[in-house]
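Residues per chain are reported as follows:
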Amino acid sequence: MTDIRNNWAHDEVKEIYNLPLLDLVNRASNIHRKYHDSTKMNMNTLISVRTGACSQDCKYCAQSARYDTHVKPEKLSLEQVLEDAKVAKENGVKRVCLSSSGRDGNSDDRFNEMAEMITEVKKLGLEVCCTMGMVNKEKAKKLAGLGVTAVNHNLDTSERYYPSIVTTRTYADRLETLANLQEAGISYCSGGILGMGEEDEDRIEMLRILANQAKHPYNVPLNSLVPVEGTPFYGKEIIDIFEMVRAIATARILMPKAVIAFAAGRRSYSKEGQALCFLAGANSIFFGDKLLTVKNMTINEDQHLLNTIGMIPTRFHELTTIEG
Ligand code: DTB
């Protein structure tokens, strides 16, 4: 049977997810080595071009205007974004992800601002991704024309659990943006967050929906919730690293060619735990001392970790594909 499928049944995914952990890791690791160079790590720096002041009520997010968090609304100028991108480049990353807070990326002011930033950052010789909320068909085509590497729009969790984390938009809205991106022929990035009180069933369903898209995501970011003071999910217990390993390994088996990112939350875990995630198929990390609003692993820690395990930074297109 071919490895690349988009007709996964829930029970099939569940069976994989529930394999004995080391058998699951072994299977994922074999698939990973069939499709990727296992010495390469995709490194990507987040730049928050618009932070906070968001009308949405995502219970995990420090940027919602509804919650009293440490985040102060801020908008970076093009010059500041270029400055941050240059620093990221000097630190060795090949790609930056520009993030703009807010529900809808289609409004002309937010879209045009993002389009200009994408164009200018690309001129520095960096690959550029973006995340800006919902994207309609027309704007998806425009983003494709700008040569963006991938557009991020997460499913976050399962359809069933989604109303427990957000009420101001629907799962159908999320899926529609993914469909718009696919129709425009752009690579897209979509994943979710673990540790929001969801069950294994929700993780399994989210991964199944991603794997059953007509075209698999280019990048699947899996985040471990970073509970921020002031958000409704503050106080949630950090999930065990083995739960991250299970989700990452399952994602790798379902989407062999995708880049799987161990995105937010790495600071909660040991370097050995993170290395196990890389063994299970995670081949992308956010690199830089800060994510959007919270601290990341420091650059020094990450350089040390990658050196120790013998992984080197790479560009997206150099990551894949040994076979297929
Ligand atoms: C994704 O899945 N994780 C990134 C990116 N996509 C945009 C964001 C991580 C943010 C972590 C929490 C914070 O800094 O506020």
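(A) How the structure looks around the overall build of the protein chain. In terms of regular secondary structure, the protein chain is built from 12 helices and 11 strands. Against the 2.2 N^0.38 benchmark of 20 Å for 324 residues, the protein chain shows a C-alpha radius of gyration of 18 Å, consistent with a compact globule. Out of the 324 residues in the protein chain, the part that is buried amounts to 58%. Within the protein chain, contacts between residues separated by at least 24 positions form 76% of all contacts whose residues are at least 6 apart in sequence. With an accessible surface of roughly 13,300 Å², the protein chain has 50% of that area assigned to carbon and sulfur atoms. With 39 positive and 42 negative side-chain charges, the protein chain shows a spacing of 3 Å between the two charge centroids.

(B) Structural detail: the nonpolar core. Grouped together as the largest cluster of nonpolar side chains are 87 residues, with contacts concentrated most on Val 96, Leu 98, Val 121, Leu 143, Leu 222, Met 244 and Ile 248. The dominant element in this core, judged by the number of residues it contributes, is helix H9 (residues 241–254), at nine residues. In terms of nonpolar packing, the next biggest core, distinct from the first, is built from 13 residues, Ala 62, Ala 150, Ala 263 and Leu 291 among them.

(C) Representation of the pattern of salt bridges. Summed over all chains, the structure comprises 18 salt bridges. When salt bridges with common partners are traced through the structure, they connect Glu 198, Asp 200, Arg 203 and Glu 243 into a single cluster.

(D) Spotlight on helix H1 (residues 10–17). Residues His 10, Val 13, Ile 16 and Tyr 17 constitute the buried set of H1. Viewed along the axis of H1, the buried residues span an arc of 130°, placing them on a single side of the element. Set apart from the buried face of H1 by more than 90 degrees, the exposed residues are Asp 11 and Glu 15. Residues of H1 that are buried in the fold lie against helix H2 (21–35), helix H8 (200–211) and H9.

(E) Geometry of the site of the ligand. In the region of the ligand, the neighbouring residues are Leu 46, Thr 131, Asn 152, Asn 154, Pro 221, Asn 223, Ala 264, Phe 286, Leu 291, Leu 292, Thr 293 and Val 294. A distance of 2.7 Å separates an oxygen atom of the ligand from a polar atom in the side chain of Asn 223. The contact in question runs from an oxygen atom of the ligand to an N or O atom on the side chain of Thr 293, over 2.6 Å. In the complex, 85% of the free accessible area of the ligand, which totals 410 Å², lies under the protein chains. Here the shell around the ligand is composed, by residue class, of seven nonpolar, five polar and no charged.

(F) Fine view of unusual backbone geometry. Notably, Ala 53 is not glycine yet its phi reads approximately 60°, a positive angle. In this structure, Asp 156 takes a positive phi of about 75° despite not being glycine. With respect to the element layout, Asp 156 can be found in the loop between strand E5 (150–152) and helix H6 (162–165). Among the residues examined, Asp 156 registers a relative accessible area of 2% and is labelled buried.

(G) Spatial organisation of the packing of H1 against H8. Two elements in contact, H1 and H8, have axes whose closest approach is 10 Å; the angle formed by their N-to-C orientations is 115°. Considering how the two elements wind past one another, H1 and H8 form a crossing that is right-handed. Where H1 abuts H8, its residues His 10, Val 13, Lys 14 and Tyr 17 lie against Asp 200, Glu 201, Arg 203, Ile 204, Glu 205 and Arg 208. Classifying every residue of the contact of H1 with H8 by side-chain character gives three nonpolar, one polar and six charged.

About the cut-offs
- Residues numbered from 1 in each chain as written.
- Predicted model: local features only at pLDDT ≥ 70, side-chain atom pairs only at ≥ 80, totals over all residues.
- Heavy atoms only, no water.
- Helix = DSSP H or I, 4+ residues; strand = E, 2+ residues; numbered from the N terminus.
- Rg over C-alpha atoms; globule rule 2.2 N^0.38 Å.
- Buried < 20%, exposed > 50% of the residue type's maximum accessible area, 1.4 Å probe, protein only.
- Contact = heavy atoms within 4.5 Å.
- Areas by Shrake-Rupley, 256 points an atom, 1.4 Å probe, with all protein chains shown as cover.
- Lys, Arg positive; Asp, Glu negative; His and termini not counted.
- Charge placed at Lys NZ, Arg CZ, Asp CG, Glu CD.
- Core = buried A, V, L, I, M, F, W, Y, C linked by side-chain atoms within 4.5 Å.
- Salt bridge = Lys/Arg side-chain N within 4 Å of Asp/Glu carboxyl O.
- Arc of directions from axis to C-beta.
- Near = heavy atom within 4 Å.
- Polar contact = N/O pair within 3.5 Å; in protein donor to acceptor, adjacent residues only side chain to side chain.
- Nonpolar A, V, L, I, M, F, W, Y, C, P; charged D, E, K, R; others polar.
- Axes fitted to C-alpha atoms, helices over the stretch in contact; angles between N-to-C directions.
- Left-handed = near helix turned anticlockwise from the far one by under 90°.

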